[in-house]
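# Coordinate analysis (summary)
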Amino acid sequence: MLHIDINLLFTVINMLVLFGALWLVLFKPVRKILDERQAEADREYDEAKSKQEEAESLKQEYEDNLKKIEQEKSETLANARKKADNEYQRILENANAQAKEITDRAVVEGENEKKKLIKSAEGQIADLVVEAAGKVAGSASGAEFDRSLYDDFLAKQTGE
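The notes below deal with the structure included here.

## Focus: the overall build of the chain
- A count of helices and strands for the chain gives two helices and zero strands.
- Per-residue burial over the chain gives 2% buried out of 160 residues.
- Accessible surface, the chain: about 14,800 Å² in total, of which carbon and sulfur atoms supply 59%.

Pasting the structure below:
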């Protein structure tokens with residue numbers, strides 16, 4: 001049977017005092033250290049999570065900026081091509097207008113030169129006819145005279 005005496009009471013009191021002392025000296029500081037470490041781990045986790053969210057936000061902002069820059073580049077290239085094409089068309093139109101002007105001027109000058117040559121030839125022919133008529137009217141006729149007129153005419157035409 002179980003025997004209860006004063007030693008049992010002192011043993012229980014000793015156990016309670018020992019448990020209280022261990023609680024104050026050992027368990028409470030260890031629990032405090034564990035709580036501090038848990039709080040620090042939670043704080044570092046929260047910081048890491050916020051930094052990761054910030055990094056993702058910056059990454060998204062970077063990608064958006066990259067898309068905007070790419071779009072601006074495409075628009076700038078399209079505008080440059082359009083301006084270059086317009087400038088090309090303007091230069092081509094100017095060149096065609098100048099070529100037409102030069103061609104028209106050359107045609108007019110050619111026609112004027114042709115008219116001058118025709119007038120000059122007509123004048124020379126008229127002089128030759130007058131000269132020939134004067135020789136025919138001023139001298140006697142005959143085969144020998146006709147032959148000399150023909151030779152004079154040929155000599156003048158070949159450059160005298």
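Text resumes after the structure shown.
## Describing the pattern of salt bridges
- What the rule picks out here adds up to four salt bridges.
- Among the salt bridges present, the one from Arg90 reaches Glu87, with a minimum N-O distance of 2.4 Å. Taken as a pair, Arg90 and Glu87 lie in helix H1 (residues 6–138) at a separation of three residues, close to a single helical turn.
- The shortest N-O distance in the salt bridge between Arg105 and Glu101 comes to 3.2 Å. Linking Arg105 with Glu101, this pair stays in helix H1, spanning four residues, or about one helical turn.
- Glu101 sits in the partly exposed class, given a relative accessible area of 49%.

## Some words on a negative patch on the surface
- Together, Asp35, Glu36, Glu40, Asp42, Glu44, Asp46 and Glu47 make up a negatively charged patch on the protein surface.
- Looking at the element boundaries, Asp46 is found in helix H1.
- Given the relative accessible area of 48%, Asp46 is considered partly exposed.

Criteria and cut-off values
Think of each chain on its own: its residues are numbered from 1, step by step along the sequence as written. Given that the model is predicted, a residue must reach a pLDDT of at least 70 before its local features are reported, and side-chain atom pairs must reach 80 or more before they are shown or counted; all residues, however, enter totals for whole chains, interfaces and linings. Excluding hydrogens and water, the side-chain figures rest on all heavy atoms present in the structure. For helices the rule is a DSSP run of H or I covering at least 4 residues; for strands it is a run of E covering at least 2, with both sets numbered from the N terminus onward. Think of it in three bands: residues with accessible area under 20% of the maximum for their type are buried, residues over 50% are exposed, and the middle band is partly exposed, with areas taken using a 1.4 Å probe on protein chains only. In short, Shrake-Rupley with a 1.4 Å probe defines the accessible areas, and a residue's cover is counted only from the protein chains shown. We define a salt bridge as a contact between a side-chain nitrogen of Lys or Arg and a carboxyl oxygen of Asp or Glu at a distance within 4 Å. Each patch is assembled from residues with relative accessible area greater than 30% and no salt bridge, linking like charges that lie within 9 Å and nonpolar side chains (Val, Leu, Ile, Met, Phe, Trp, Tyr) that lie within 5 Å. Note on charges: Lys and Arg go in the positive column, Asp and Glu in the negative column, and His and the chain ends are not counted at all. A charge is said to be at NZ when it belongs to Lys, at CZ for Arg, at CG for Asp and at CD for Glu.

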